[in-house]
Amino acid sequence: MGKAVSICLAMYNGESFISEQLLSILPQLSDSDEIIICDDCSCDRSVEIVRLLNDSRIRIFEADVNCGHVVTFERALRLAKNDIILFSDQDDIWAKDHVSVLRDALEEMDEPAMVYGNFAEFGDSEWVEARTHKAAILPRLRDKFHFLWLLLKGQTRMFGSAMAINRQAASLCVPIPSSVSSHDLWIAYLVGFVGSVTSIDEIITYRRLHATNVSSRRRNLFVIICDRVNYFWQVWKRLK
């Protein structure tokens, strides 16, 4: 079976889809694996629905105040007990081999390491032939500058719910700086500098597109540049 995995899931008002997502994950887990669900003050039935699954591998933690997704994912990451850590959104569906693909890729890594696969998109009413997102780098990439350059340009096609890290990487990543906009990009920049990054040419996540997770708002170029410069600045501060 390999090393045990912890799956970190940040939940907020996810009653519509959380059960379907968890039911796509649980059959892939052994008794030693766990799902850490940190609820960010949901005001719907999300927590109740999770508890009704009555699965001992699910550990749920409720926040006293709404903190946002980055802080919530950090909390889940700190609570994770196992050596391999995956990240899940509340409204996707995982392919049947999602866990094994990522676990196998990290099994023998003894340095800070991150691995990610491809994802496809579907609508909330029916499966659609939308975009399939493929990694833009070769498997077993060791060229940090190449990966970071692609990351800076937004061309890695990396998505948080299709990635995993090992314990060595997790130890480096917390605390997550309060100024960063995304937990997965923070992890990618940091591990890209100090460890190894591997991409897998296989669809392991089906990302659900629906009205509450698709925004028409686009950031202007200046905001994008400032955001990406901030990641480099925060990584430099962490490593100096």
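Relevant structure appears above.
Residues numbered from 1 in each chain as written. Predicted model: local features only at pLDDT ≥ 70, side-chain atom pairs only at ≥ 80, totals over all residues. Heavy atoms only, no water.

**Structural notes on the overall build of the protein chain**
- When helices and strands are tallied, the protein chain shows eight helices and nine strands.
- When burial is assessed residue by residue, the protein chain has 52% of its 240 residues classed as buried.
- When contacts within the protein chain are restricted to residue pairs at least 6 apart in sequence, those whose partners lie at least 24 apart make up 79%.
- Approximately 11,700 Å² of the protein chain is accessible, and the part contributed by carbon and sulfur atoms is 53%. (Helix = DSSP H or I, 4+ residues; strand = E, 2+ residues; numbered from the N terminus. Buried < 20%, exposed > 50% of the residue type's maximum accessible area, 1.4 Å probe, protein only. Contact = heavy atoms within 4.5 Å. Areas by Shrake-Rupley, 256 points an atom, 1.4 Å probe, with all protein chains shown as cover.)

**Thoughts on the packing of aromatic side chains**
- According to the stated counting rule, one finds six aromatic pairs in the structure shown.
- Look at Tyr189 and Tyr231: their rings are 4.9 Å apart centre to centre, the planes differ by 15°, and that puts the pair in the stacked class. A residue pair is termed long-range when its members are at least 10 positions apart, and Tyr189 in helix α7 (residues 183-194) and Tyr231 in helix α8 (residues 221-239) qualify at 42 residues. Tyr231 carries the same exposure label as Tyr189, and that label is buried.
- Cluster of aromatic residues (ring-pair linked, three or more members): Tyr189, Phe193, Tyr231 and Phe232. (Phe/Tyr/Trp six-rings, centres within 6.5 Å; stacked < 30°, edge-to-face > 60°.)

**Side note on the pairing of strand β3 (residues 58-62)**
- Here strand β2 (residues 34-39) runs beside β3; their pairing, made up of five bridges, is parallel. Its bridge partner lying in β3, Cys38 is registered against Phe61.
- Taken together, β2, helix α2 (residues 46-53) and β3 form a β-α-β motif whose crossover is right-handed. (Pairing = 2+ DSSP bridges. Right-handed = clockwise from strand over helix to strand, strands pointing away.)

**Some points on the packing of helix α1 (residues 18-25) against α2**
- One can describe the packing of α1 onto α2 by two numbers: an axis separation of 10 Å at closest approach and a directional angle of 35°. Between α1 and α2 lies a crossing of right-handed hand. Of α2, the residues touching α1 (which contributes Ile18, Ser19, Leu22 and Leu23) are Ile49, Val50 and Leu53.
- When the residues that make up the contact of α1 with α2 are grouped by side-chain class, the tally is six nonpolar, one polar and no charged. (Axes fitted to C-alpha atoms, helices over the stretch in contact; angles between N-to-C directions. Left-handed = near helix turned anticlockwise from the far one by under 90°. Nonpolar A, V, L, I, M, F, W, Y, C, P; charged D, E, K, R; others polar.)

**Focus on the packing of α7 against α8**
- Interaxial distance between α7 and α8 falls to 10 Å at its minimum, and their mutual angle equals 55°. The angle between α7 and α8 places the two elements in the oblique class. When you trace α7 past α8, the crossing you get is right-handed. For the pair α7 and α8, contact is made by Leu185, Trp186, Tyr189, Leu190, Phe193 and Val194 and by Arg228, Tyr231, Phe232, Gln234, Val235, Arg238 and Leu239, respectively.
- The class makeup of the residues in the contact of α7 with α8 is 10 nonpolar, one polar and two charged. (Parallel < 35°, antiparallel > 145°, perpendicular 65-115°, else oblique.)

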